[in-house]
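Survey of secondary and tertiary structure
Take a look at the letters that make up each chain.
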Amino acid sequence: MKPDTALIHHNYQAPGDFVSPQIAVHKASSVFFTDVKAMRERNWLDKTGYTYGLHGTPTTFTLEERLCQLEGAKHCVLLPSGLAALAQVNLALLKCGDEILIPDNAYGPLKALAEVELAQWGISHQYYDPMDPQNLAETIGPQTRLVWLEAPGSVTLEFPDLPALLAVCRDKQVISALDNTWGAGVAFQPFDFLPSSSGSGGVDVSVHALTKYPSGGGDVLMGSITTCDDAIAKRLKLSHMRLGFGVGANDAELVLRSLPSIRMRYLAQDESCRRVAKWCLQQAAFAQVLHPAVTHSPGHVHWRDLCAAGELANTDVHSGGAAASLLSLRFDPTISDAQVDRFCNALQLFKLGFSWAGPISLVVPYDLSKMRQHAPTELMQGGFVRLAIGLESSDDLIEDLAQALATIG
Ligand SMILES: *Cc1c(COP(=O)(O)O)cnc(C)c1O
């Protein structure tokens, strides 16, 4: 054997019994088969073997199984972003002529996907009022095949009566798909939250932007789709394969690295966010503090029933249960849009940037008038910002908010 060849087909094999806290970063396009029979009999639909890098490696299989553990699911596929995971659910489960329903306060890019690509492919959509299960029941039509759910809404954080919305989907026999990024498998279990009297269980499909808590670092983009339904899982997996989606091994490793601390980070950021919310409730500049654990925030009781069952609220910011570290603020209408911009620009620790659940706190101003069809008029009065609380000390974050408010006072 020539040296060049020997360098590639080297006969040293490292011992296979290396055991350490984290799974190795397995990288592959080609995966070798032992013989032609094994190649011909390849099966990539379950995790009994390996066929091609795109269809799974020990690293991605491990991540999928751990995400199933987190969300209480049976099957999982990984996508290159949370948005790609939302898209893939639509691509796998819908065809021309079908209709989907989307909550009016849904993650904006899902609405954009429905309004442009899905519409071009003959898949129509309607928006429903997530705070009114009756409105959902009335909006479901003969062509409705999929209902999107989100708890709470992405920017305005109203918490819907998720069991009631799901009961409508089941009654009308329409597939339910939840964007579970906020709950993250920590605040509630997406496949097991219904009261046992209704037959127990949960949504048909859960989508999770792993970019948020599972990564936790603000440095990875990834998404997952999980389900307990074997037939839906097969449709998702076949479509995922035909569309050629996959994720990079290094990114999968980063998420695996962060997953063990997800609950601790979620709860720590939750506590810090509620401290900030409590302070904001005392500021005259804010007409409304939106956070599901805040007593007067829209849908607070639904959050309490789902995420803090049996625990009674006895403070402005209920201290039980779990909630993600997002907080939205509606400014008093006497404060101009230019002042709200000045407030955002004056913040030092809070950075202007999208996403959330990383170590650094973020702020985004929103123009709700461009985003909503079904919204209380009150919500539209006054400037609106969303804060994402990171891992800094809440004392410092409150001080930062106070100095920024002072600049517009
Ligand atoms: C961030 C986010 C997504 C999309 O995740 P990306 O990985 O950024 O594409 C989807 N849904 C919700 C609710 C999100 O917050």
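Calculation criteria
Residues numbered from 1 in each chain as written. Predicted model: local features only at pLDDT ≥ 70, side-chain atom pairs only at ≥ 80, totals over all residues. Heavy atoms only, no water. Pairing = 2+ DSSP bridges. Helix = DSSP H or I, 4+ residues; strand = E, 2+ residues; numbered from the N terminus. Axes fitted to C-alpha atoms, helices over the stretch in contact; angles between N-to-C directions. Buried < 20%, exposed > 50% of the residue type's maximum accessible area, 1.4 Å probe, protein only. Arc of directions from axis to C-beta. Contact = heavy atoms within 4.5 Å. Near = heavy atom within 4 Å. Polar contact = N/O pair within 3.5 Å; in protein donor to acceptor, adjacent residues only side chain to side chain. Areas by Shrake-Rupley, 256 points an atom, 1.4 Å probe, with all protein chains shown as cover. Nonpolar A, V, L, I, M, F, W, Y, C, P; charged D, E, K, R; others polar.

Here we take up the sheet that holds strand β2 (residues 99-103). The strand order β1-β7-β6-β5-β4-β2-β3 describes an open sheet built from seven strands, whose pairing is mixed. Strands at the two margins of the open sheet, each flanked by one partner only, are β1 (75-79) and β3 (124-128). The average angle at which neighbouring strand axes cross in this sheet is 20°, direction not considered. Note that strand β4 (residues 144-150) and strand β5 (residues 175-179) share five bridges and pair parallel. Following the sheet pairing, V147 is matched in β5 by S176.

Looking now at helix α12 (residues 337-346). Each α-helix turn comprises 3.6 residues. Residues three or four places apart therefore point the same way. Among all positions of α12, only Q339, V340, F343, C344 and A346 are buried. Taken down its axis, α12 places every buried residue within 165° of arc, on the same side. Across from the buried face of α12, at angles greater than 90 degrees, the exposed residues are D337, A338 and N345. Buried residues along α12 sit against β8 (286-290), β9 (326-331), β10 (351-352), β11 (362-366), β12 (384-388) and α13 (394-408).

Attention now goes to the site of the ligand. In the neighbourhood of the ligand, 14 residues make up the surrounding shell, with G82, L83, D179, T211 and K212 lying closest. Residue L83 places a main-chain N or O atom 2.8 Å away from an oxygen atom belonging to the ligand. A distance of 2.6 Å separates an oxygen atom of the ligand from a polar side-chain atom of K212. Within the complex, 89% of the 380 Å² of free accessible area of the ligand lies under protein. The leading source of residues in the shell around the ligand is helix α4 (residues 82-93), at three residues. Considering only residue class, the shell around the ligand consists of six nonpolar, five polar and three charged.

Assignment of secondary structure puts G16 in the loop between α1 (3-8) and α2 (36-40). Sequence separation between G16 and A187 is 171 residues, and the spatial gap between their C-alpha atoms is 39 Å.

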